[in-house]
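Each chain, written out:
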Amino acid sequence: MKVSIDPALCQGQGRCFSIAPAIFDFDDLGNGVVIGDGTLNAESVALARLAQSNCPEHAIFIEES
Amino acid sequence: MTDRPPVKDFATEWDHADPQWVADPYPIWEDLRERCPVAHTERYGGGWFPATHAGVSAIAKDTENFTSRTVIIGNGRPSELDLPAPIGVAPPITSDPPFHAIARKLLLPAFAPGPINALEPMIRELCGRLLDGLEGDVINAGMEYAKYIPPSVIRTMLGFPEDDIEKFIDFINIVLEGIDHPLEQRIEEFTPVEEYFVAQMDEHIANPRDDLTSYLLNVEIEGQKLQPEHVFGTMVLVLIAGIDTTWSAIGSAIWHLANHPDDLARLVNEPELMPVAIEEFLRFYAPVTMARLVKHDMEYLGCAMKEDDWILLGFPAANRDPSIFADADKFIIDRAQNRHVAFGLGIHRCAGSNLARLELRVAIEEFIKRYPRFELSDASAVTWASGQIRGPRELPIRVRAS
Ligand code: HEM
């Protein structure tokens, strides 16, 4: 499974990188970015979903595989 | 604003300055959500109030049909004197695309988590010092604590002299109180503020350093530094947007904890709850409501909107919409899923949200560390700001048993 942020939707609300700092980081403007290629393991899936369910802009996507 | 008769039906004559709305807007919004869900008013020259999350979200994200040219509702139709979009009086908040992105991009690096998180020790020390100065069994947590935190932080960020803090706070009051004064009066009132700020800018040009003033003086748009008026405008915007908003958020959180000893005890005993609790404070007591103007006559969300009608964008009302939040009208201190919109939605998302959250968290952490138990000393003495920023002003808190 893979997580990604749609940069066209992200407005830098800052929820993802405070909830899941191991998965998300921020860029110079304060917008959210995924660390690495976004591959999730059994433990990180739940955190990624929690971040997703807190994003006011609905900018986080989780691709099932 | 107080000479209008009391509102009989908020669905057809909503008024955010009506005493009933100021005292307790939540039941009004709940009723409107069920009945309308977009309320209308003839007051202020005519306007609309979407009471649902869907309505607020649609308009906040729609810069084709709505403009941010004026974000504070005045007494009538918007003034012709207000600068036109896309730039507006106070970029980026009064700007529309495409200029908005340029003005915003220049501000964002200074308010990104990196530089903001570095301010934590300074803010903690400031809160501690303010608490040291409070005397007596009953303190005014609004006027003596919450009110002083945001201006002191901004003063430090701008790199203005520490000894000028009282003068600086006076200037902020002039700016905040002048917001809805007629333009000519505003210009006159602002003159001493502008003179002081220009003197500070000159001092920073002579002695550049690592602070927000030097940053704004040196940042470039397409290879060009900003005009001094633009730098001054941005400083004023940061004062308008960053002070009574954050003051209100801190005050509301203290008010809540004073009324809910169970939540206070949980925060004291489980400090790791704080980040989640902060988001619930922001959802439940969202302090900021912003305005838009309708760009052209149109049918929108089932309403016959007219050019230059006001839109009151109730982010606080959206935060209580039960179709988005389970138990929306309950404060749940450990609410795990919380897509609240206290900082707005879309391109105007609060540029200061990282700073606001940090101030709110540190202010509450330091307050409950100093006073693990407290309560309202006189509920009837609490007053609430009216208008588009909501939060307690007079907030007498009993911090020691009498
Ligand atoms: C709890 C405190 C705060 C709340 C609830 C809040 C809320 C908001 C909201 C809802 C907006 C969107 C306005 C719109 O859509 O028209 C906004 C914009 C803005 N806020 Fe805040 N704010 C807070 C604190 C601050 C602070 C501390 C600063 C800076 C020092 C700040 C600076 C700004 C700026 C510059 C904008 C305009 C952004 C743009 O138009 O792109 N705010 N704020």
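Structure's up top.
Residues numbered from 1 in each chain as written. Chains lettered and ligands numbered in written order. Predicted model: local features only at pLDDT ≥ 70, side-chain atom pairs only at ≥ 80, totals over all residues. Heavy atoms only, no water.

A. Highlighting the overall build of chain B. Along the backbone of chain B there are 18 helices and 12 strands. For a compact globule of 402 residues, the expected C-alpha radius of gyration is about 21 Å, and chain B comes in at 21 Å, within 12% of that figure. By principal-axis analysis of the C-alpha atoms, chain B measures approximately 55 × 55 × 40 Å. Counted over contacts in chain B with a minimum sequence separation of 6, partners at least 24 positions apart contribute 69%. (Helix = DSSP H or I, 4+ residues; strand = E, 2+ residues; numbered from the N terminus. Rg over C-alpha atoms; globule rule 2.2 N^0.38 Å. Contact = heavy atoms within 4.5 Å.)

B. Local environment of the site of the ligand. Residue and element names in this part refer to chain B. Neighbouring the ligand are 30 residues; H100, R104, R292, H348 and C350 lie closest to it. Among the elements of the structure, α5 (99–111), α13 (228–242), α14 (244–259), β7 (290–294) and α18 (353–370) are those that each provide at least two residues to the shell around the ligand. Its residues assigned to classes, the shell around the ligand comprises 20 nonpolar, 7 polar and 3 charged. (Near = heavy atom within 4 Å. Nonpolar A, V, L, I, M, F, W, Y, C, P; charged D, E, K, R; others polar.)

C. Examining the packing of helix α10 (residues 165–178) of chain B against α13(B) more closely. All names here are of chain B. With their axes 10 Å apart at the nearest point, α10 and α13 run at an angle of 85 degrees to one another. The orientation of α10 with respect to α13, classified from their angle, is roughly perpendicular. Along its contact with α10, which presents F168, I172, V175 and L176, the element α13 presents V236, L239 and I240. Here the contact of α10 with α13 is composed, by residue class, of 7 nonpolar, no polar and no charged. (Axes fitted to C-alpha atoms, helices over the stretch in contact; angles between N-to-C directions. Parallel < 35°, antiparallel > 145°, perpendicular 65-115°, else oblique.)

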